[in-house]
Amino acid sequence: MYRFSIIFAACVFATSVVAADFKPYENGRFGYVIDLPSDFKMVQTPDNGDGIGLKSADGTAKLLVWGNYLTEGGFSQESDLRKKFETEDGWRFTYEKRGASWASFSGTKGDRIIYMRQIALCDDAMGNFTLEYPAAQQKRFGPLVDRMVKTLKAPKHCD
């Protein structure tokens with residue numbers, strides 16, 4: 001029983017440490033939710049309430065999270081438009097994966113990596129995040145991307 005208590009306490013402590021690395025964010029305007037790295041600091045909150053801009057504590061990474069209404073037809077067309085904007089800004093995409101209601105892209109520009117994730121929301125809208133960071137820090141930021149991809153969700157009433 002003593003051994004079980006120690007193992008249980010260790011698991012609870014490990015879970016709380018992992019949970020402390022992220023904080024939930026729910027967007028009031030579009031209703032999407034996502035877990036954000038807790039050590040990132042807010043640098044921008046647009047007046048229209050569509051999202052939030054953050055940077056890593058050391059200033060090497062930039063995270064943008066936002067919602068927008070579809071302007072180019074359906075989700076796929078809007079996703080293509082968002083990717084096109086980044087391509088025109090000099091990003092070269094080397095990874096792309098899509099589903100009917102989501103899309104993910106990753107690419108490089110110089111010594112930097114960008115990861116983009118998009119999901120369909122209710123009412124002809126989409127939720128997005130982009131994380132831009134130094135390629136040399138892929139091992140540090142890769143797990144953050146994985147967590148944010150898993151937790152970026154549409155409101156329950158959209159299902």
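So, here's what we can say about the structure.

Rules used in this analysis
Residues numbered from 1 in each chain as written. Predicted model: local features only at pLDDT ≥ 70, side-chain atom pairs only at ≥ 80, totals over all residues. Heavy atoms only, no water. Helix = DSSP H or I, 4+ residues; strand = E, 2+ residues; numbered from the N terminus. Buried < 20%, exposed > 50% of the residue type's maximum accessible area, 1.4 Å probe, protein only. Contact = heavy atoms within 4.5 Å. Areas by Shrake-Rupley, 256 points an atom, 1.4 Å probe, with all protein chains shown as cover. Salt bridge = Lys/Arg side-chain N within 4 Å of Asp/Glu carboxyl O.

### Things to note about the overall build of the protein chain
Move 1: Within the protein chain, the secondary structure is distributed over three helices and nine strands.
Move 2: Put simply, the protein chain runs from its N terminus to its C terminus through helices and strands in the order α-β-β-β-β-β-α-β-β-β-β-α.
Move 3: Expressed as a percentage of its 159 residues, the buried residues of the protein chain come to 42%.
Move 4: Here the analysis covers contacts within the protein chain between residues at least 6 apart in sequence; of these, 42% occur between residues at least 24 apart.
Move 5: Within the structure as shown, the protein chain displays about 9200 Å² of accessible surface, and the carbon and sulfur contribution to it stands at 56%.

### Some thoughts on unusual backbone geometry
Move 1: Even without being a glycine, aspartate 123 presents a positive backbone phi close to 55°.
Move 2: Tracing the chain through its elements places aspartate 123 in the loop between β8 (112-121) and β9 (125-134).
Move 3: A positive phi is found at aspartate 124, a non-glycine position, where the angle reads about 55°.
Move 4: Assignment of secondary structure puts aspartate 124 in the loop between β8 and β9.

### Quick word on the pattern of salt bridges
Pairing of side chains with opposite charge becomes possible as their charged atoms draw close.
Move 1: Enumeration over the complete set of coordinates arrives at ten salt bridges.
Move 2: The partner of arginine 98 in a salt bridge is aspartate 80, and the shortest N-O contact between them spans 2.4 Å. Here the residue arginine 98 occupies a position in strand β6 (residues 92-98), and aspartate 80 occupies one in helix α2 (residues 75-88), the gap between them amounting to 18 residues.

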